[in-house]
Amino acid sequence: MTEISKGVYHIPGQDEFIPDSHVYVIGLPDSKDLSLVDAGLMGKGAYKVKSIGNLGISLQDIKRVIMTHTHLDHIGCLREIMEQVPHAELWVHEEEADLLEKGDERGVYGMDMFRSMCMSQYNLKPGAFKFQVTRKLKGGETLEIGGMSWEVLHIPGHSAGSIALYQSEHKVLIPGDTVYADYAIGRFDLYKADATALSQSLMRLAALDVEVLLPGHNRVVKGVKPGYILDTAKQWA
């Protein structure tokens, strides 16, 4: 785990046959009010939990898991992690929280063919991703957590309930799979994805002052050049 910015730590994903999302730990350690952003792929829970411990953070200090969205590569090991932090809350945007609570896994797998393949490959059972959500986010909230202030932005397109977290003091953006390094963006062909909405979300993110970009996959970027997200959006317009 690497400290990327004050109160922001990076646990790299370990890609396999399917990509494994990064996890970010946010919050000042002394606050004892830390949050995990995303979980990762099935079977990666032990690695993610061990990485937290390697930083010297007590699992008791992990108070919540905030999902940028609920695709399989982000939520796959959520149950594994929650078993180690059963006191932690689960925060998800309302567009995807309702699906999780109903056990409707279309928002997890994205397409029927992928669902069939993954259930066979990982021996997953129907209902494996049914969760009770503690807090349903809408977008527009300011989260005062871990001694820091984070803005929640609803950025649909890659998925219906995608969110970004933005910390204005240190200009840190956690955009999930909406925008990556190297002028890449998230796919828009899965369940309730929308290319037009994704374009609009990119333009919304482009209006932010971002120096540290922490996407769901691939490399993190410190020293983001001015206009990078706008340039990325224009390339995909």
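Structure: see above.
Trainee: Even after reading the chapter, I still don't get the packing of aromatic side chains, so can you show me in this structure?
Mentor: Given two aromatic rings, one states the distance between the centres and the angle between the planes to describe the pair. Under the definition given, this model contains two aromatic pairs. Centroid distance Y109 to F129: 6.0 Å. Interplanar angle 75 degrees. Geometry classified as edge-to-face. Placement of Y109 in helix α5 (residues 106-109) and of F129 in the loop between α6 (112-121) and β7 (135-137) is noted, with a sequence separation of 20 residues between them. The two residues Y109 and F129 agree in class, both being buried. Here Y183 and Y228 contribute two aromatic rings whose centre-to-centre distance is 4.9 Å and whose plane-to-plane angle is 50 degrees, an arrangement assigned as tilted. Note that Y183 is positioned in the loop between β11 (172-174) and α7 (195-206) and Y228 in helix α8 (residues 228-235), a separation of 45 residues in sequence.

Trainee: Can you help me understand the state of the cysteines in this one?
Mentor: Here, the word disulfide means a covalent bond between the sulfur atoms of two cysteines. The final tally for this structure, using the stated rule, is zero disulfides. There is no disulfide at C77, and the cysteine sulfur nearest it, in C118, is 14 Å away. Here C77 falls in the buried class, since its relative accessible area comes to 0%.

Conventions we followed
- Residues numbered from 1 in each chain as written.
- Predicted model: local features only at pLDDT ≥ 70, side-chain atom pairs only at ≥ 80, totals over all residues.
- Heavy atoms only, no water.
- Phe/Tyr/Trp six-rings, centres within 6.5 Å; stacked < 30°, edge-to-face > 60°.
- Helix = DSSP H or I, 4+ residues; strand = E, 2+ residues; numbered from the N terminus.
- Buried < 20%, exposed > 50% of the residue type's maximum accessible area, 1.4 Å probe, protein only.
- Disulfide = S-S within 2.5 Å.

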